[in-house]
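# Summary of structural features
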Amino acid sequence: MRALLSGYYGKGNGGDEALLATLLQMLPSHITPVVLSGNPQETSQRYGVEAQERMSIPTVIKTLRSCDAFIWGGGSLIQDATSAISPFYYVSLMALAQKMGLTTVAWAQGIGPLLRSQTKWVAQKTFAGCTKVSVRDTKSTELLTGWKVPHFLAPDPVWALKSKPTPGLWDLPAPRVAVTLRSHSQLTAPKLARITKALVDFQKATQTYIILLPFQKTQDMAIAQAIQPALKDVSKILHFEEPEVLKGVFRGVDMAIGMRLHSLIMAASEGCKTFALSYDPKVNRLMEDTDMPGWDLANLPEDANEISTAWIEHYANGEPLSADKIQFLLDRALIHQAVLSDALS
């Protein structure tokens with residue numbers, strides 16, 4: 001049985017690659033995956049799977065005809081806050097697969113924000129036509145419940161991604177703190193300067209070694225490079241493309257400060273203390289679900305000293321998720337695997 005996997009794959013985003021790695025980890029053994037990718041050669045080499053160009057319509061149609069199932073990979077594919085066009089790309093593929101009679105699965109979705117009535121309408125129709133649907137947060141389940149679409153709710157599947165050891169990590173001074181920032185309109189130059197000053201003060205107070213960890217090279221590397229000179233000799237930029245290795249970084253880190261959703265999930269699942277800087281409702285949902293401390297970037301304190309003091313306090317006295325809570329979230333995340341097994345049996 002062949003299944004075509006569609007998501008934001010092959011674009012160098014560590015979080016989306018982690019979702020793909022977890023999806024491949026969770027697929028039933030009798031399924032042969034085919035991945036739509038922005039970089040098919042790289043995807044094929046990294047995961048040992050067949051991969052096709054995601055934007056070549058003739059190729060996509062030909063590949064769909066060769067498959068028995070179509071899976072929307074996890075994440076915020078159906079949202080129109082960052083792009084009005086992107087959700088229609090994904091919806092069109094799902095609608096085509098449904099018209100062809102394939103088994104269709106909307107897997108580990110984080111739906112929204114949906115700001116336009118037209119996007120809401122096509123999303124409702126398309127989700128309703130899926131064989132199985134699973135979502136990763138309560139806001140998504142509220143939407144689907146309102147639309148009367150049967151579905152399963154479970155934590156983000158990356159909670160269950162198996163990590164691998166990170167080369168060179170244990171050669172760096174300890175204790176270590178990981179920082180993952182990304183470019184965004186809310187991360188203005190004054191706010192970045194404030195965060196940088198707070199990091200310098202935090203490092204001096206805690207004597208920690210700062211690991212700057214870009215999750216998407218094109219968006220995150222420049223920010224890491226801008227911060228690093230202020231932390232000369234007490235920091236290092238580490239970049240890894242393999243998601244299991246990226247998650248493995250957090251095995252050797254005591255605390256993580258992050259904007260990116262999956263940096264926070266990876267850190268929390270490996271037993272790190274975590275502090276969020278939210279730029280998106282999906283990060284706020286994680287904070288609510290796990291009682292994770294942090295700020296919405298829109299409400300970042302004006303005083304760098306207030307920021308560093310909060311980080312120092314959390315580093316000294318905060319608690320990571322308990323082993324029982326981590327195991328609970330991991331076990332619940334496996335519901336996404338059960339959905340695949342049921343749909344593709």
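The paragraphs below set out a description of the structure included in this document. Residue indices begin from 1 for each chain and proceed along its sequence in written order. At least 70 in pLDDT is required for a residue's local features to be given in this predicted model, at least 80 for side-chain atom pairs to be given and counted, and no such filter applies to totals for whole chains, interfaces and linings, which use all residues. Side-chain measures were taken over the full set of non-hydrogen atoms in the model, leaving aside hydrogen atoms and water.

### Quick look at the overall build of the chain
A run of H or I in DSSP becomes a helix once it reaches four residues, and a run of E becomes a strand once it reaches two; helices and strands are each numbered from the N terminus. Secondary structure summary: the chain contains 14 helices and 13 strands in total. Along the first, second and third principal axes, the C-alpha atoms of the chain reach 60 × 40 × 40 Å. Any residue under 20% of the maximum accessible area for its type is buried, any over 50% is exposed, and the rest in between are partly exposed; the area is computed with a 1.4 Å probe on protein chains only. Residues counted as buried form 56% of the 345 residues belonging to the chain. Should any heavy atoms of two residues lie within 4.5 Å, those residues are considered in contact. Within the chain, contacts between residues separated by at least 24 positions form 71% of all contacts whose residues are at least 6 apart in sequence.

### Let's talk about the pattern of salt bridges
In what follows, salt bridge is the name for a side-chain nitrogen of Lys or Arg lying within 4 Å of a carboxyl oxygen of Asp or Glu. Taken as a whole and assessed by the stated rule, the structure comprises 12 salt bridges. Between Asp 80 and Arg 116 there is a salt bridge, with its nearest N and O atoms 3.6 Å apart. With Asp 80 in the loop between strand 4 (69-72) and helix 4 (86-99) and Arg 116 in the loop between strand 5 (103-109) and helix 5 (117-128), this residue pair connects regions lying 36 residues apart in the sequence. You can call Asp 80 buried: its relative accessible area is 1%. Via salt bridges that share partners, Glu 17, Glu 42, Arg 46 and Glu 241 belong to a single interconnected network.

### Description of the pairing of strand 2 (residues 32-37)
Burial within strand 2 is extensive, with five of its six residues counted as buried. Strand direction decides the pairing type here: strand 1 (residues 2-6) and strand 2, joined by four bridges, are parallel. Each bridged residue has a counterpart across the sheet, and for Arg 2 the counterpart in strand 2 is Thr 32. Crossovers are described as right-handed under a simple rule: with the strands pointing away from the observer, the path leading from the first strand over the helix to the second runs clockwise. As a crossover connection, the stretch from strand 1 through helix 1 (residues 14-26) into strand 2 is right-handed. Pairing between two strands is assigned when DSSP locates at least 2 bridges connecting them. Summarising the sheet, strand 2 and strand 3 (residues 50-53) pair through four bridges and their orientation is parallel. Looking at the pairing, Leu 36 lines up with Gln 52 of strand 3.

### Let's talk about the sheet that holds strand 6 (residues 132-135)
Overall, parallel pairing links the seven strands, which are arranged 3-2-1-4-5-6-7 in an open sheet. If you trace the sheet from one side to the other, it starts and ends with strand 3 and strand 7 (152-153), each paired once. Fitting a line to C-alpha atoms yields each axis, with helices limited to the stretch in contact; the angle taken between N-to-C directions then spans 0 to 180 degrees. Those strands touched by helix 1 are strand 1, strand 2, strand 4 and strand 5, and its axis lies near 130° from that of strand 5. Its contacts with the sheet place helix 2 (residues 40-47) against strand 2 and strand 3, and it is angled at close to 165° to strand 3.

### What to know about the packing of aromatic side chains
For this analysis, a ring pair means two rings from Phe, Tyr or Trp (six-membered ring only for Trp) whose centres lie within 6.5 Å, classed as stacked if their planes differ by under 30 degrees, edge-to-face if by over 60, and tilted for the remaining angles. As enumerated under the stated definition, the model contains seven aromatic pairs in all. Here the aromatic rings of Phe 275 and Trp 295 are separated by 5.1 Å at their centres, their planes lie at 65°, and the arrangement is edge-to-face. Taken together, the residues span a long stretch of sequence, with Phe 275 in strand 12 (residues 273-278) and Trp 295 in strand 13 (residues 294-296) at a distance of 20 residues. Residue class for Trp 295 comes out buried when judged on its relative accessible area of 18%. Connected via pairs of aromatic rings, a cluster forms that spans Phe 202, Phe 275, Trp 295, Trp 311 and Tyr 315. Placement of a charge over a ring requires the Lys NZ or Arg CZ to be within 6 Å of the ring centre, with the centre-to-atom vector within 35 degrees of the ring normal. Between the NZ or CZ atom of Lys 273 and the centre of the ring of Tyr 315, over which it lies, the distance is 5.7 Å.

### Regarding the packing of helix 1 against helix 2
Look at helix 1 against helix 2: their axes get within 12 Å of each other, and the N-to-C directions meet at 50°. If you check the angle between helix 1 and helix 2, you find them oblique. Taken as a pair, helix 1 and helix 2 cross one another with a handedness that is right-handed. Contact residues: Glu 17, Leu 20, Ala 21 and Leu 24 in helix 1; Thr 43, Arg 46 and Tyr 47 in helix 2. We call two directions roughly parallel when the angle between them is under 35 degrees, roughly antiparallel when it is over 145, roughly perpendicular when it lies between 65 and 115, and oblique otherwise. Here a crossing is called left-handed whenever its near helix is offset anticlockwise from the far helix by less than a right angle, and right-handed whenever the offset is clockwise.

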